[in-house]
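Given next are the chains, with one letter for each unit.
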2 protein chains.
Amino acid sequence: MRIGMIGAGALGLYYGALLQKAGHDVHFLLRRDYQSIISNGLQVKSPRGNFMLSDVQGYRRVEEIGVVDLVLIGLKAYSNDQMASLVAPLVGPQTVLLTLQNGLGNEEVLARAFGAHHVIGGVAFLCCNRGEPGVVNHLDQGAVRLAEFADGLTERVIKLSDLFTSASIPCEACADLQKIRWEKLAWNIPFNGLCALTGLSTDRLLSCPEMVTLIKQVMFEVVAAANSQGLSEAIDADAFIQRLLDVTAGMGPYKPSMMVDRLENRPIELEAIYGVPLERAKTVGMPMVRVAMLHALLMVSEVSTREQGCQVMADKAAVE
Amino acid sequence: MRIGMIGAGALGLYYGALLQKAGHDVHFLLRRDYQSIISNGLQVKSPRGNFMLSDVQGYRRVEEIGVVDLVLIGLKAYSNDQMASLVAPLVGPQTVLLTLQNGLGNEEVLARAFGAHHVIGGVAFLCCNRGEPGVVNHLDQGAVRLAEFADGLTERVIKLSDLFTSASIPCEACADLQKIRWEKLAWNIPFNGLCALTGLSTDRLLSCPEMVTLIKQVMFEVVAAANSQGLSEAIDADAFIQRLLDVTAGMGPYKPSMMVDRLENRPIELEAIYGVPLERAKTVGMPMVRVAMLHALLMVSEVSTREQGCQVMADKAAVE
């Protein structure tokens, strides 16, 4: 399958590398690591085994890639204003657009630009980061869940899920995109924001009982809001939250993407992870008091970070 | 009147200097600035007029001060475990103990050690900080409100209030200590914590509409909790909160004491300003959701600050 990877940060490089390793024809839009990857290849370091791709098809301009069967989108959501123009040169009548971005509202941007029937949403539960140029570090997890934006469970999603699974990316085809998106938000909303705000990794938050209480309270707000969105099946808050906390405890000293963005003085994904979910929850009368407070704190600390003289990096198309 | 000043930080030095200037016999327990003040005097810089006290009675040990008529206490509340032993050598049968500390629970420490009838609580609305050694900067405000810990409005409080006023410290004698403490908390709880957490001064928070919304919501929680404490008269939330915001807007780029503590890697007054008020509100079924969240965030960021290798300064007896 001919695959284009737009937004090749840690997530994009990792999944793209696995797909290429499985024999697919993967084309990466590269920015920061272009020269290094073209010259020296792409190295994946992972507890499941390191590997090296010495021959990577990397590009500086999307126009050089041409039409593909599948576009994987790993752009940071704060770069969504560039998404349509970055994706457009890759889209033919049958092209599937799969966004693996965080938060809510990303599929809608693609649907508006290219039509809802092109769009599949994917939720990645992946711990990874970028190392030195040309290196991506896979730390833990890595499973993906896919669902159609416009329809329920289709043959197309099942096939795509099989393709991922056969490329060593554990993948599940799901019927309800809203449900899988909100389930991911129940992790992202507490951990991304609280780690970014406090400068502490996940294990450090979990070592403070008051913070665990707050994390659970935030998760309950998110699950309650999720369950008010007309999901196909309600999320069982207690069991689900306990599972999220258990999984997080197993991740060790993890720095969520928003914390990394903040540490590297990039913008943070405020709208997709907080703004849009708050708006959708408010529409159905769920105020999410603590989530709103976290949103306000992140918003003002974003201003603070900027004004402390931090430069927003030119590489705005970096990726979770 | 013979006055002892325990905890001569910015607040203690400022009020002590005004009382000495008005002719009172003021004795300062000094730490950080001892040598400078003994050698060169104490300088007050204020928009109401600078002045200099060249002859200050400063001490390194409380035992050298002896019994006084009035002890002013400006210790940071996180040093309350030292309060009884610092105050004891100054206390005779008629000695009045006036704590000008922030938050709740300070009078109780004094009452347990010396008897409730000795104790008066004072609430200072004062913007000041320390400059170079021997210099205190008065920035804005400065009024004090006094009330008995054990009784209502007494002759003693009225006389003390008159003494302050005649020393150019605008002062009001009040009947209800809980009310004036909680009214101050309605400012301290949002601004101290949010400024400490975000590293932004008050004007910067007020320039962000989402933050103003949050500040108001926090203030409403505090006023609701206050009004559940059996005050002599309920606080009119809308009018009172608007007045607090107007006063704060007039203060310009102010760094609250907790923000300064954080910037200078000292502990912060978590218990007095958050822990005890939360406990008292909880007792009457007022959860103060946002205040509790702020408390948890400050608690974990306190841990973070410490573990980032910051040294807690030896001068633990600094003052708001």
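Structure: see above.
The paragraphs below set out a description of the structure included in this document. Quantities reported herein were computed from a predicted structural model and do not represent experimental measurements.

1. Examining the overall build of chain A
Next, step 1: In terms of helices and strands, chain A carries 12 helices and 10 strands.
Next, step 2: Relative to its length of 320 residues, chain A is compact, with a C-alpha radius of gyration of 19 Å against a globular reference of 20 Å.
Next, step 3: Structurally, chain A occupies a C-alpha span of about 50 × 45 × 35 Å along its principal axes.
Next, step 4: When burial is assessed residue by residue, chain A has 61% of its 320 residues classed as buried.
Next, step 5: Counting only contacts in chain A whose residues sit at least 6 apart along the sequence, the fraction spanning at least 24 positions is 72%.
Next, step 6: Entry remark: accessible area of chain A is about 11,900 Å², with carbon and sulfur atoms responsible for 51%.
Next, step 7: Charge separation in chain A, taken as the distance between the mean sites of 28 positive and 34 negative side-chain charges, equals 4 Å.

2. Observations concerning the nonpolar core
Next, step 1: The biggest cluster of nonpolar side chains holds 102 residues, and the ones touching the most others in it are M211 of chain A together with M211 of chain B.
Next, step 2: In this view, M211 of chain B contacts A296, L297 and V300 of chain A together with L194 and L205 of chain B; residues no more than four positions away in its chain are not counted.

3. Considerations on the interface of chain B and chain A
Next, step 1: If you look at the interface, chain B gives 20 residues, while chain A gives 20 residues.
Next, step 2: Of the roughly 2,000 Å² buried at the junction of chain B and chain A (both faces included), carbon and sulfur atoms supply 79%.
Next, step 3: Area buried by chain B at its contact with chain A is led by M293, L297 and V300 of chain B, which between them contribute 28% of it.
Next, step 4: The interface formed by chain B and chain A holds 0 salt bridges in total.
Next, step 5: Only helix 6 (177-198), helix 7 (202-206), helix 8 (209-227) and helix 12 (289-307) of chain B provide two or more residues apiece to the side of chain B that touches chain A.

4. Brief notes about the pairing of strand 2 (residues 25-29) of chain A
All names here are of chain A.
Next, step 1: Counting buried positions along strand 2 gives 4 out of 5 residues, so the element sits mostly inside the fold.
Next, step 2: Where strand 1 (residues 2-6) and strand 2 come together, 4 bridges link them in parallel fashion. Counterpart to R2 in the pairing with strand 2 is D25.
Next, step 3: Handedness of the crossover joining strand 1 and strand 2 through helix 1 (residues 10-21) is recorded here as right-handed.
Next, step 4: Sheet analysis places strand 2 next to strand 5 (residues 57-59), joined by 3 bridges and oriented parallel.

5. Section: the packing of aromatic side chains
Residue and element names in this part refer to chain A.
Next, step 1: According to the stated counting rule, one finds 8 aromatic pairs over all chains in the structure shown.
Next, step 2: By way of ring pairs, the aromatic residues F125, W187, F191 and Y254 are connected into one cluster.
Next, step 3: Directly above the aromatic system of F51 lies the positively charged group of K21, at a separation of 4.6 Å from the ring centroid.

6. Concerning the relation of the copies chain B and chain A
Next, step 1: By a simple turn and slide, chain B fits onto chain A: the slide is 0.0 Å along the axis, the RMSD is 0.0 Å, and the turn is 180 degrees. One copy is carried onto the other by what is essentially a two-fold rotation axis. The C-alpha atom lying nearest the rotation axis in chain B is that of R290 of chain B; the distance is 3.4 Å.
Next, step 2: Looking at chain B, 100% of its interface residues are interface residues in chain A too, so the copies touch through the same face.

7. Describing the pattern of salt bridges
Opposite charge on two side chains lets them pair, provided their charged atoms get close.
Next, step 1: Going through the model one piece at a time under the given rule, you end up with 28 salt bridges over all chains.
Next, step 2: For E64 of chain A, the salt bridge identified is with R61 of chain A, shortest N-O distance 3.9 Å.
Next, step 3: On the basis of relative accessible area, E64 of chain A is assigned to the partly exposed category, the value being 43%.
Next, step 4: You can call R61 of chain A partly exposed: its relative accessible area is 45%.
Next, step 5: Between R156 of chain B and E148 of chain B there is a salt bridge, and its shortest N-O distance comes to 2.6 Å.
Next, step 6: Taking relative accessible area as the criterion, R156 of chain B reaches 29% and is therefore assigned partly exposed.

8. Some thoughts on the pairing of strand 1 (residues 2-6) of chain B
Residue and element names in this part refer to chain B.
Next, step 1: The element strand 1 is largely enclosed, with a buried count of 4 among its 5 residues.
Next, step 2: Across 4 bridges, the pairing between strand 1 and strand 6 (residues 70-73) is parallel. Among the inter-strand pairings, I6 is bridged to a residue of strand 6, identified as I73.

9. So, the environment of Q20 of chain B
Residues and elements named next belong to chain B.
Next, step 1: The topology assignment puts Q20 in helix 1 (residues 10-21).
Next, step 2: Taking the relative accessible area as the measure of exposure, Q20 reaches 17% and is therefore buried.
Next, step 3: Separated by 18 residues in the primary sequence, Q20 and R2 have C-alpha atoms spaced 9.9 Å apart.
Next, step 4: Beyond its immediate chain neighbours, meaning those up to four positions away, Q20 contacts V26, F28, L53, D55 and V56.

Parameters at a glance
Residues numbered from 1 in each chain as written. Chains lettered and ligands numbered in written order. Predicted model: local features only at pLDDT ≥ 70, side-chain atom pairs only at ≥ 80, totals over all residues. Heavy atoms only, no water. Helix = DSSP H or I, 4+ residues; strand = E, 2+ residues; numbered from the N terminus. Rg over C-alpha atoms; globule rule 2.2 N^0.38 Å. Buried < 20%, exposed > 50% of the residue type's maximum accessible area, 1.4 Å probe, protein only. Contact = heavy atoms within 4.5 Å. Areas by Shrake-Rupley, 256 points an atom, 1.4 Å probe, with all protein chains shown as cover. Lys, Arg positive; Asp, Glu negative; His and termini not counted. Charge placed at Lys NZ, Arg CZ, Asp CG, Glu CD. Core = buried A, V, L, I, M, F, W, Y, C linked by side-chain atoms within 4.5 Å. Buried area = accessible area lost by both parts, 1.4 Å probe. Salt bridge = Lys/Arg side-chain N within 4 Å of Asp/Glu carboxyl O. Pairing = 2+ DSSP bridges. Right-handed = clockwise from strand over helix to strand, strands pointing away. Phe/Tyr/Trp six-rings, centres within 6.5 Å; stacked < 30°, edge-to-face > 60°. Lys NZ or Arg CZ within 6 Å of the ring centre and 35° of its normal. Least-squares fit on C-alpha atoms with pLDDT ≥ 70 in both.

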